[in-house]
Amino acid sequence: MSTVKITKEAFGSTSAGDEVDKYTLTNNAGVSVEIINFGGTIVSIHAPDKNGVTDDVISGYDNVAGYENNPPYFGALIGRVANRICRGKFTLNGKEHQLAINNSPNHLHGGPQGYNMQLWNASVEGSKLILHLTDPDGRENYTGTVQVTVTYELTEDSALSIHYQAKTDQATPLNLTNHTYFNLGGKASPNIYDHLISIAADRYTPKDETCIPTGELAPVDNTPFDLRTPVLLKNRIPLVTEGPPGFDHNFCLNGEGLRCIARVEHAASGRVMEVLTDQPGVQLYTGNFLDGVRGKSGACYQQHHSLALETQVYPDAINQPQFPDCVLKPGEVYDTTTVYKFSCS
Ligand code: BGC
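- An unreviewed UniProt entry annotates the protein as Aldose 1-epimerase originating from Capitella teleta.
- Turning to the protein, the UniProt annotation filed under Subcellular location (unreviewed entry) states: "Cytoplasm".
- The protein has a UniProt comment under Subunit (unreviewed entry) that states "Monomer."

Rendered as structure tokens:
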């Protein structure tokens, strides 16, 4: 029986007048995670540093209005299809789909009414926060009604696990992720340059100028994308200059099953985050487009303030048959888990 506690309080209401609740998951190791049912969004993660001082290590806003206008997708659940679909087009079972172009010229993160904009039904079972969404046939021009359940659970060893399950009544692409941005230095830390990162990936997916993969699974050897041994981001970000400097790339993860795929360490605070997933890919995004976004308690998030590690199927997989399959069919169960585990070095 877990000793992790979950409490619930009001967080405000949406512009449409729907009430939003905030759930706080707290363990005995000093970690607490706040999640709202709007977008299934993680709004804070407090974790202790090496001296036992607790601080918030993620970016976000103070209120619902912030999350209703959230271009960086801070903290949110992302679906029906995370990442980009080339020009918003795909064909499945002979039917052509044209999706919203919300990241010109492509479709991004499920479109303007993606899962980050939906009010999820929430319930608590012991130490689990269970969120449910019915994503109807036709919303954002996707086919099929998808029933999605996302279960958040915090453990006493400070692992926040996100378990995604879904079923559909018609074949559909599906790629779910969470879009939390981390800065392990805490609230006052202005950027991620002093973060040491490693990702267990021998290959990555190079992309064109619109961020769509070229289709190649390129070896990381002798490129800035070789993160197999830890690198300081301040030494690597300036080497990745296809767009604004920094990473916004999908890494093809080594191995299969739930395994540790990335580690981030901030030496000054001693905070460490390990990422485990059973997914084939992860998007490392170093906040390249953050440009003074106003956030929590008057924060102003500048470029490279925080980083996201978005576990996923590779971008544009629905149009790239050589990539891992992203189609969910009737009768199948989509089932995937990602864990963010916090500790100190
Ligand atoms: C994308 C970025 C985008 C960011 C916020 C990331 O997942 O890869 O290109 O700017 O989300 O929308």
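### Quick look at the pairing of strand 22 (residues 248-252)
Working step 1: With 5 of 5 residues buried, strand 22 is to be regarded as a mostly interior element.
Working step 2: What you see with strand 22 is no split at all: Asp248, Asn250 and Cys252 on one side and His249 and Phe251 on the other are buried throughout.
Working step 3: Note that strand 19 (residues 203-205) and strand 22 share 3 bridges and pair antiparallel. Paired with tyrosine 204 across the strands is phenylalanine 251, a residue of strand 22.

### Overview of the site of the ligand
Working step 1: In the vicinity of the ligand lie 13 residues, with Arg84, His109, His179, Asp248 and Glu310 positioned nearest.
Working step 2: A distance of 2.9 Å is found between an oxygen atom of the ligand and a side-chain nitrogen or oxygen belonging to histidine 109.
Working step 3: Measuring from an oxygen atom of the ligand, one finds a side-chain N or O atom of glutamate 310 at 2.6 Å.
Working step 4: For the ligand, whose accessible area on its own is 310 Å², the fraction buried by protein is 94%.
Working step 5: In terms of residue class, the shell around the ligand is built from 7 nonpolar, 3 polar and 3 charged.

### Side note on the packing of aromatic side chains
Working step 1: For the structure shown, the criterion picks out 16 aromatic pairs.
Working step 2: Judged by centre distance (5.0 Å) and plane angle (85°), the ring pair of tyrosine 61 and tyrosine 67 falls under edge-to-face. Accessibility assignment for this pair places tyrosine 61 and tyrosine 67 in one class, buried.
Working step 3: Taken together, a centroid distance of 5.2 Å and an interplanar angle of 75° make the contact between tyrosine 314 and phenylalanine 323 edge-to-face. Pair check on accessibility: tyrosine 314 and phenylalanine 323 agree, each one buried.
Working step 4: Aromatic ring contacts, followed pair by pair, group Phe11, Tyr61, Tyr67, Phe74, Tyr181, Tyr285, Phe289 and Tyr301 into a single cluster.

### Looking at the pattern of salt bridges
Working step 1: Inspection of the entire model under this criterion finds 11 salt bridges.
Working step 2: A salt bridge links arginine 228 to aspartate 226, with the nearest nitrogen and oxygen atoms 2.9 Å apart.
Working step 3: Taking the relative accessible area as the measure of exposure, arginine 228 reaches 33% and is therefore partly exposed.
Working step 4: Taking the shortest distance from any N to any O, the salt bridge between arginine 263 and glutamate 265 comes out at 2.7 Å.
Working step 5: Residue class for glutamate 265 comes out buried when judged on its relative accessible area of 15%.
Working step 6: Among the charged side chains, a network of salt bridges with common partners joins Asp202, Asp221, Asp226 and Arg228.

### Comments concerning the layout of surface pockets
Working step 1: As a volume, the largest pocket reaches approximately 410 Å³.
Working step 2: If you trace the largest pocket, you find 23 residues lining it, with Arg84, Asn103, Leu108, Tyr285 and Phe289 closest to the centre.
Working step 3: Its residues assigned to classes, the lining of the largest pocket shows 10 nonpolar, 8 polar and 5 charged.

### Some words on the state of the cysteines
Working step 1: In the structure shown here, the tally under the stated rule is 0 disulfides.
Working step 2: Looking at cysteine 344, it has no disulfide partner, and the nearest cysteine sulfur is the one in cysteine 260, 16 Å off.

### A short note on the UniProt feature "active site" (unreviewed entry) in the protein
Working step 1: Mapped onto the present numbering, the UniProt feature "active site" (unreviewed entry) falls at His179 and Glu310. Across 132 residues in sequence, these annotated residues keep their C-alpha atoms within 6.0 Å of one another, forming a single compact spot. Checking the annotated residues one by one, the ones that line the largest pocket turn out to be His179 and Glu310.
Working step 2: Looking at the secondary structure, you find histidine 179 in the loop between strand 16 (177-178) and strand 17 (181-182).
Working step 3: Assessed through its relative accessible area of 3%, histidine 179 is described here as buried.
Working step 4: Excluding anything up to four places from it in sequence, histidine 179 contacts Pro72, Tyr73, Phe74, Gly75, Ala76, Ile78, His109, Ala308 and Glu310.
Working step 5: Inspection of the secondary structure assignment puts glutamate 310 in strand 28 (residues 307-312).
Working step 6: Residue classification places glutamate 310 among the buried positions, given a relative accessible area of 3%.
Working step 7: Beyond its immediate chain neighbours, meaning those up to four positions away, glutamate 310 contacts His109, Thr177, Asn178, His179, Gly281, Val282, Gln283 and Tyr285.
Working step 8: Within polar-contact distance, the side chain of glutamate 310 engages the side chain of histidine 179 at 3.3 Å.

### Remarks on the sheet that holds strand 17
Working step 1: Taken together, 6 strands build an open sheet; the order of strands is 17-28-25-22-19-20 and the sheet is antiparallel. The open sheet has two edge strands, strand 17 and strand 20 (218-219), and neither has a second partner.

Quick notes on the rules
- Residues numbered from 1 in each chain as written.
- Predicted model: local features only at pLDDT ≥ 70, side-chain atom pairs only at ≥ 80, totals over all residues.
- Heavy atoms only, no water.
- UniProt positions renumbered as here; feature names shortened; annotations may be inferred.
- Buried < 20%, exposed > 50% of the residue type's maximum accessible area, 1.4 Å probe, protein only.
- Helix = DSSP H or I, 4+ residues; strand = E, 2+ residues; numbered from the N terminus.
- Pairing = 2+ DSSP bridges.
- Near = heavy atom within 4 Å.
- Polar contact = N/O pair within 3.5 Å; in protein donor to acceptor, adjacent residues only side chain to side chain.
- Areas by Shrake-Rupley, 256 points an atom, 1.4 Å probe, with all protein chains shown as cover.
- Nonpolar A, V, L, I, M, F, W, Y, C, P; charged D, E, K, R; others polar.
- Phe/Tyr/Trp six-rings, centres within 6.5 Å; stacked < 30°, edge-to-face > 60°.
- Salt bridge = Lys/Arg side-chain N within 4 Å of Asp/Glu carboxyl O.
- 1 Å grid on protein atoms, 1.4 Å probe; cavity = no way out; pocket = protein on both sides within 12 Å on 5 of 7 lines; lining within 4 Å.
- Points joined across faces, edges and corners; volume = space filled by probe spheres on them.
- Disulfide = S-S within 2.5 Å.
- Contact = heavy atoms within 4.5 Å.

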